[in-house]
Structures are given as structure tokens and as C-alpha cells.
Protein chains: 2
Amino acid sequence: MTTRVPQENRRRRPTRSGVLLSQDLIVETALRLIGEHGPEALSVRRLGSALGCDPSALYRYFRNTDDLLLAVADRIIGDAMEGFTPGPDWVASLREMALRVRAGYLAHPRAAAMASYRVTRRENEFRAVETGVGLLLSAGFAPDRAVRLYLAFIDTVLSHAAMDAACLALPPQQREADQQAWTEVYQAADPETYPALSTARGELHAMAESSFEEAVDLLLAALAARAPGGQD
Amino acid sequence: MTTRVPQENRRRRPTRSGVLLSQDLIVETALRLIGEHGPEALSVRRLGSALGCDPSALYRYFRNTDDLLLAVADRIIGDAMEGFTPGPDWVASLREMALRVRAGYLAHPRAAAMASYRVTRRENEFRAVETGVGLLLSAGFAPDRAVRLYLAFIDTVLSHAAMDAACLALPPQQREADQQAWTEVYQAADPETYPALSTARGELHAMAESSFEEAVDLLLAALAARAPGGQD
DNA sequence: GGCTTATGTCAACACCGTTGACGCAAAGTG
DNA sequence: CACTTTGCGTCAACGGTGTTGACATAAGCC
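Residues numbered from 1 in each chain as written. Chains lettered and ligands numbered in written order. Predicted model: local features only at pLDDT ≥ 70, side-chain atom pairs only at ≥ 80, totals over all residues. Heavy atoms only, no water.

The name an unreviewed UniProt entry gives chain A is Tetracycline repressor protein class B from transposon Tn10, with Streptomyces jeddahensis as the organism.

*Asks:* What is the right way to look at the nonpolar core in this model?
*Replies:* General note: in soluble globular proteins, nonpolar side chains tend to be found buried as a group. Within the largest apolar cluster, 124 residues are counted, with the highest numbers of intra-cluster contacts made by Trp90(A), Phe153(A), Trp90(B), Tyr150(B) and Phe153(B). Ile34(B), Val44(B), Leu47(B) and Ile76(B) belong to the second-largest nonpolar core, a separate cluster that totals 21 residues. (Core = buried A, V, L, I, M, F, W, Y, C linked by side-chain atoms within 4.5 Å. Buried < 20%, exposed > 50% of the residue type's maximum accessible area, 1.4 Å probe, protein only.)

*Asks:* Would you mind showing me how to read the interface of chain B and chain A here?
*Replies:* The figure often quoted for interface size is the accessible area lost as the parts come together. Taken together, the contacts link 61 residues of chain B with 62 residues of chain A. Summed over both partners, the interface of chain B with chain A buries about 5700 Å², with 70% contributed by carbon and sulfur atoms. Of all residues in chain B, Tyr117(B), Phe126(B) and Leu218(B) give up the largest surface area on contact with chain A, accounting jointly for 12% of the area buried on that side. Here chain B and chain A share 6 salt bridges between them. For the interface between chain B and chain A, the tally reads 12 residue pairs in polar contact (both at pLDDT 80 or more). The dominant element in the side of chain B that touches chain A, judged by the number of residues it contributes, is helix α7 (residues 143–169) of chain B, at 17 residues. Among the residues making up the side of chain B that touches chain A, the classes are represented as 37 nonpolar, 9 polar and 15 charged. (Contact = heavy atoms within 4.5 Å. Buried area = accessible area lost by both parts, 1.4 Å probe. Salt bridge = Lys/Arg side-chain N within 4 Å of Asp/Glu carboxyl O. Polar contact = N/O pair within 3.5 Å; in protein donor to acceptor, adjacent residues only side chain to side chain. Helix = DSSP H or I, 4+ residues; strand = E, 2+ residues; numbered from the N terminus. Nonpolar A, V, L, I, M, F, W, Y, C, P; charged D, E, K, R; others polar.)

*Asks:* Explain the packing of aromatic side chains here, please?
*Replies:* Remark: the centre distance and the inter-plane angle together describe each pair of aromatic rings, the angle taken between the planes. One pass over the structure, following the stated rule, counts 8 aromatic pairs over all chains. Ring centres of Trp90(B) and Phe141(B) lie 6.2 Å apart, and the angle between their planes is 90°; on these two criteria the pair is classed as edge-to-face. Linking Trp90(B) in helix α4 (residues 90–107) with Phe141(B) in the loop between α6 (123–138) and α7, this pair joins segments that are 51 residues apart in sequence. Considered together, Trp90(B) and Phe141(B) belong to a single accessibility category, that of buried residues. An aromatic cluster is built from Phe126(A), Trp182(B), Tyr186(B) and Tyr194(B), whose rings are joined through pairwise contacts. (Phe/Tyr/Trp six-rings, centres within 6.5 Å; stacked < 30°, edge-to-face > 60°.)

Spelled out as C-alpha cells, the structure:
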């Protein structure tokens, strides 16, 4: 963001409680708040009191709460992708990207659920898009195909990861109840009206698990099959 | 629907403005509000004034806004799947299922975005799983594979649809800002640090669109390629 | 040391979901 | 028809939310 106030030259005045505010400190505190007390714990007022400052002070650093949320999202992306460098195998590299993003989301389940579908427009997202599109270009796809396919890939990864994160963010009681539904409620399905469910009865337990890797691998297989360079 | 408080025997008193309240009327008004005035128009207070009653009257019909939201979600699912019967072509049938789910979500974005991660365990979900697993069984997959692959498929569809709905549910200002980011902020990327972005500069506008169909088609292609019966 | 001005503070506004008390009118009973 | 019960709509209030504009004050520049 070019419009952003430079962090270094800021004329920072300590707050009432002596804390020196900064975008990084605010983002970290927000992430901590969400992680500790759930997504509903994130409000300007609570964030202010957690930082020991007036809520309105945050508006000196972020245009509004949406702006703050995008900063949090970008931070998650940055943490997830830290130290990652794409290798020569573009499929394997995209796969690792996917797993990293998912791990980053699962580390902050509640924040991830809010931010998965946003465009952060910040440096970490820039780098991730650069890396992903670059990998597809290196696979021989034309630029327009590379962009379209990267979008399909990353949207699948992000939305799937968000879904997993949302499940993880559920209260344990509710999560276990949802999982048990597949081994209990669905087992009682009437064979006449639900023949397919009956046939697959012994396998329905798999419904309780995440399909993230399966879906990513299916998608990557389809991408590999369409790569100009060959079937693999 | 039928398990709720019987609508018939209710001791319904006309509101101040003469309207007779009911669960159906409330749900329909909520959907209409969202459809006419955007997703952010749905609040208990606005819903109350749209119905010509005090906001608190709604709590006679729904435990809280969450309960109301689930009722709305149930209606959306029912509407989306109404009249659908799987055909002989399992790939085409799964594709139509996907498009129907998405259309249902997009028709009522905010409700869908808020309810997408819920497991209903109700009749409509039963029927959907039965249909989907049945289609994969008919394709020749063994039951365990059919279950796993259906899960990967439906999770991709649901999470993608939820993501699209969530984007649509954003306040217009934020949504447009997110979309413009690809044609403005990302255009200014430095060619030296972001060579791939530079190469694909003219195609980045595609990032603002939905990748739903592309992702579904990629996944279905991968499924078709793995079907025991052959590529089709 | 004085000036400018960025920045933290404060008070206020307009919303939000939810609740409890209250009175009225509809349903049930005879 | 009259009487009682009670479901329901209304009202007022509580505590929460994001955001804004006025204001003082202290940091950094000359």
C-alpha cells in the first residue's frame, strides 16, 4: 500500500498505559485476542482495552475494522509462507503451498474463517500470488490459463482450508456431535429409500474426516493432465 | 418445518399494522429484505419494521437470530434442490448438483455465508448425500472410494459456493474494492520483484471473477479419469 | 525554545441483539 | 354469553458495536 503511513517516521506517543502503538503490535494483539477468546472477541473496543489505549486510537493506524482484518489476514499468509521457496517440481511446489496455507489457517482457525475470501492487497499476498502464478507459467501454461487455473487452485485451497478451520473453531462438543452423525444417524438410513447410503454404510465414517488433501490432489492431477508439457 | 410449533393453532393477534405473523411470513420477508436491499439489510430491527411489528415479536417465533438464520437456510436448500433428479450421465448430474447448490447460495448470499458451515442432518442433506454417493457408485467406484470422492467433491462445491456467497455478502464498497485490487493495485507490481505478475498483468482481471465452474470441472475431470468404467 | 502537527483521548451518535414487564385479546370452558 | 387463562405484541431498557469530530498535548523539526 502506497498510501499507508510509514511506520518508521511515525511520531509515536505512548498511550495512557505507556504502550507504543504500531500496526504490527495491533495486528498481533488482534490475532492473540481472536485465538484466545474467539472471533467475537475482536472488536475495536476490546482491542483498545487489550492494548491499553482508547479504541479510537486504532483509527490512526487502520482506516476501519475491515482494513485491520485485511492486515490480520495478510499476516497469516505471511507466517504460513515464511521460508517457502518453490522447487523445480511445480506440482509438488503447489502442493506444499496448499499444505502451508492450510496449516496457517488451522493455527488461527477463527481469524481464518473471517478472512479466507478477502483480497488483502498486501505484500504477503502479492508474494503468494507471484509464486503460484509463476509455478503455473513454469509449467508451460499461457498467462491467461495460468491466472485462471491459479485462481481455481487457490480458491479451492482457501475455501477448503477455511471450512476445516471453521470446523476446528467449533466447540469440541458440537464438533464431536457432527462427526458422530456419520457413524450413527446416517447408519439408520432406511435401505429402501436410501440404497446408496446402505451400500456404503460401512464407509460413511470417512465423511467425518477432512477431504482437503484428496481434493487438492484431485485438482493437481487435473492441472497436470492439462499442462502443455505433458501428462506429468 | 413440521417439527416447529404448529402454525394453525397459534393464537395469532394482528400487529399494530394489522399483519398476521407466522414463521413462513418472517422467513419470506427476511429473504425479500436481503434480496431487495442487500445483505446488510437483515437485522431484527429492520425485519421488524418491514413486517410492521416490534422487533421483539420475532422472538415469539425464533429463539434468536441464529435460529431464524437456520430456518432461512433450510428454505434455501429446499428451493435449490427442488425438482432435481439425477440422470444417466453421472458427471453431468454431479455438475448440475454443484450448480444448483451454488445458485441457491448466491440467491441469498448473506444467509448462505453465515450458515454454510453447519451440518443440518436433515432430510434434504440425506437426499443429497444419497444422490451423490449413488452417482459415484453407478460410475463403478467401490463404496469406500465413492464416499471419499463424494466428500472431496461436495466439500469443494460447498466451500466454493460459500466463498462466492461470502464475497457477494460483503458490503458493496468492500466487494468493489476487493475486485478493483486486481485491476489497479496489482497492476502496479514491480516487474523485478514480481516477474510472474508482470507477465500475467493483462490477465489478472480474471482474479476478480469466480472460479467455481473451473474448479468443479477440474475436479469432475479428475473423477472421470479415475472411474473404473473408463474416461467417461 | 518555539512551532507545527501527528496522535491519543474523550464524548457522542446511530445502530445492533436481546430481555423482562405489561396489558390486551384470543382461545378455551361452562 | 361470561369468565378465566395465557399466548402474543408492545414498550423500554441494557449493554454491546463501529465510527466521527473536537480537543489537548507532546514529539520532532528548524
